[in-house]
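# Results of the structural survey
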Amino acid sequence: MNISYNWLKRYIATDLPPEKIAEILTDIGLEVEGFEKIETVKGGLQGVVVGEVVTCADHPDSDHLHVTTVDVGAAEPLQIVCGAANCRAGLKVLCATVGAVLYPDGGDEEFKIKRSKIRGVESLGMLCAEEELGIGSSHDGIMELPADAPVGMEAREYLHVEDDYLIEIGLTPNRVDAASHIGVARDLAAYLKSRGENAEVKLPDVSAFAPDNHDLEVAVRVENPEAAPRYAGVTVTGCKIGPSPEWMQNCLRAAGINPKNNLVDITNFVLFELGQPLHAFDAAKIEGREVVVRTCAEGTPFVTLDGVERKLTDKDLMICSAERPMCIAGVFGGLDSGVSDTTTDVFIESAYFNPVWVRKTAKRFGLNTDSSFRFERGIDPNMQVYAAKRAALLMKELAGGTISSGITDIYPEPIGDFVFDISLARVNALIGKEIPETVVRTIIAALEVKILAEKDGVLTVAVPPYRVDVQREADLVEDILRIYGYNNVEI
């Protein structure tokens, strides 16, 4: 699991340096297996600034070069020789000044900008194309900026280039609750709160969610509630497919995901933000405007996103339209029902699927996806509606969509907290050290575990269901120990 330091700080206010956070995470059981500084653009575009071409004249000794003067916000304009056909006076550009080091095409080979003479004319920089900066593949002339680009602004600021730190966590199979940035923020907050610091996890605000209209209501029918205990969904219409904003692309790249388009990127962003897998269906391909959660007849053919035809069994939970299967629930989407370049209306699925059902289906087909990884181990059954609202609001903001239904939420038998007793005396006996009761209680509260009752040193506690690994006394004792610190227990 890759955690971005910048992304993590969206949810927990801390001044801790990334190295310290990596150390803390290892101490509390989220072992850090890799740590590295990463750059959105190799080299960080140091020495590259926004400039304006003030003059552009033909080179006296060339039929294709230009001699320009470029305002870069310094006391005097820079004289720069440029060979781009689109160079002209009044153009806003990105200018690499003397001393700047570029990595064309984002590769490892560096190109340093030096004071030079080109056919006898002094040149004090370079007007850059996208590929020369390592930010794109276009080499059709220099990169043209909007007229309002501020002269003298550093390119890294203008293009929102950020340095980040990648913290690679080796998740054990029982810690699926930490398979998201919010999950890791929770653990970090528990550590800090147990040491008297004010550290709260801040979830993004979804209070602005409200249907703009009810023009596209999609009915949902769950025929197998054992396999799908909770199923939520919402529709967003009028979306415009395009690239997601740079900040979101940076987050996804840090998590190891290649950005695709704004709609797909939003579902991936929410997955790595909250740990809640989502699926966006092209609403135009949902026949009968009905989603049916059911199994199909043995041997039913189904073509998945990778173009492979698979034969379903009657034990594979499917997400279907009124006419046909569209998606293997919790595992893999279908070839003909997902978001494409022509999609405008989407149905966002946000569900809790039975871990056993997902695990068996994924194993049967030899599929292992980011979604199945989480569903197989048990996700938070209280996150579905929130995640659907979060995704819908992002699609409204980033794709110009309109929320065209209320939230459908089919949840006939709510999953409750894990309730059991824990003896304070047993805590110390199992850990092998006398930990003050006040410290134990502080850690329990920091872990968001509620004390429902207590008698004679025995606490009745309620553990939130997203902690699928803490369902009995010994589990909670282990959790208390890891937050207290393994290193604080003498051998």
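Structural data are supplied above this passage.
Quick summary incoming for the structure in this document. The shown structure was predicted, so the numbers you read here are calculated from the model rather than taken from an experiment.

### Some points on the sheet that holds strand β21 (residues 332–333)
- Pairing within the open sheet is mixed, and its five strands lie in the order β13-β16-β19-β20-β21. If you trace the sheet from one side to the other, it starts and ends with β13 (219–222) and β21, each paired once.
- Taken together, the four bridges between strand β16 (residues 290–295) and strand β19 (residues 317–320) define a ladder with antiparallel strand orientation. Within β19, the position partnered with Val293 by the bridge is Ile319.

### Quick notes on the packing of helix α11 (residues 424–431) against helix α13 (residues 473–484)
- The N-to-C vectors of α11 and α13 enclose an angle of 65°; their axes lie 10 Å apart at closest approach. Relative to α13, the element α11 lies roughly perpendicular. Considering the relative orientation of α11 and α13, their crossing is right-handed. Contacts between α11 and α13 involve Arg426, Val427, Leu430 and Ile431 from the first element and Glu473, Val477, Ile480 and Leu481 from the second.

### Remarks on the pairing of β19
- Taking every second residue as pointing to the same face, both faces of β19 are buried, with Leu317 and Ile319 on one and Met318 and Cys320 on the other.
- Where β19 and strand β20 (residues 325–328) come together, three bridges link them in antiparallel fashion. Paired with Met318 across the two strands is Ile328, which belongs to β20.
- As consecutive antiparallel partners, β19 and β20 are separated by four residues.

### What about unusual backbone geometry?
- Backbone geometry places His160, a non-glycine residue, at a positive phi of 60°.
- Tracing the backbone through its elements, the reader meets His160 in the loop between α4 (155–158) and β12 (163–169).
- Given a relative accessible area of 52%, His160 falls into the exposed group.
- Unlike most non-glycine residues, Glu448 shows phi in positive territory, near 65°.

### Description of a negative patch on the surface
- Taken together, the side chains of Glu31, Glu33, Glu36 and Glu168 make up a negatively charged region of the molecular surface.
- Inspection of the secondary structure puts Glu33 in strand β2 (residues 32–39).

What counts and how
Residues numbered from 1 in each chain as written. Predicted model: local features only at pLDDT ≥ 70, side-chain atom pairs only at ≥ 80, totals over all residues. Heavy atoms only, no water. Pairing = 2+ DSSP bridges. Helix = DSSP H or I, 4+ residues; strand = E, 2+ residues; numbered from the N terminus. Axes fitted to C-alpha atoms, helices over the stretch in contact; angles between N-to-C directions. Parallel < 35°, antiparallel > 145°, perpendicular 65-115°, else oblique. Left-handed = near helix turned anticlockwise from the far one by under 90°. Contact = heavy atoms within 4.5 Å. Buried < 20%, exposed > 50% of the residue type's maximum accessible area, 1.4 Å probe, protein only. Patch = residues over 30% accessible without salt bridge, like charges linked within 9 Å, V, L, I, M, F, W, Y side chains within 5 Å. Areas by Shrake-Rupley, 256 points an atom, 1.4 Å probe, with all protein chains shown as cover. Salt bridge = Lys/Arg side-chain N within 4 Å of Asp/Glu carboxyl O. Lys, Arg positive; Asp, Glu negative; His and termini not counted. Charge placed at Lys NZ, Arg CZ, Asp CG, Glu CD.

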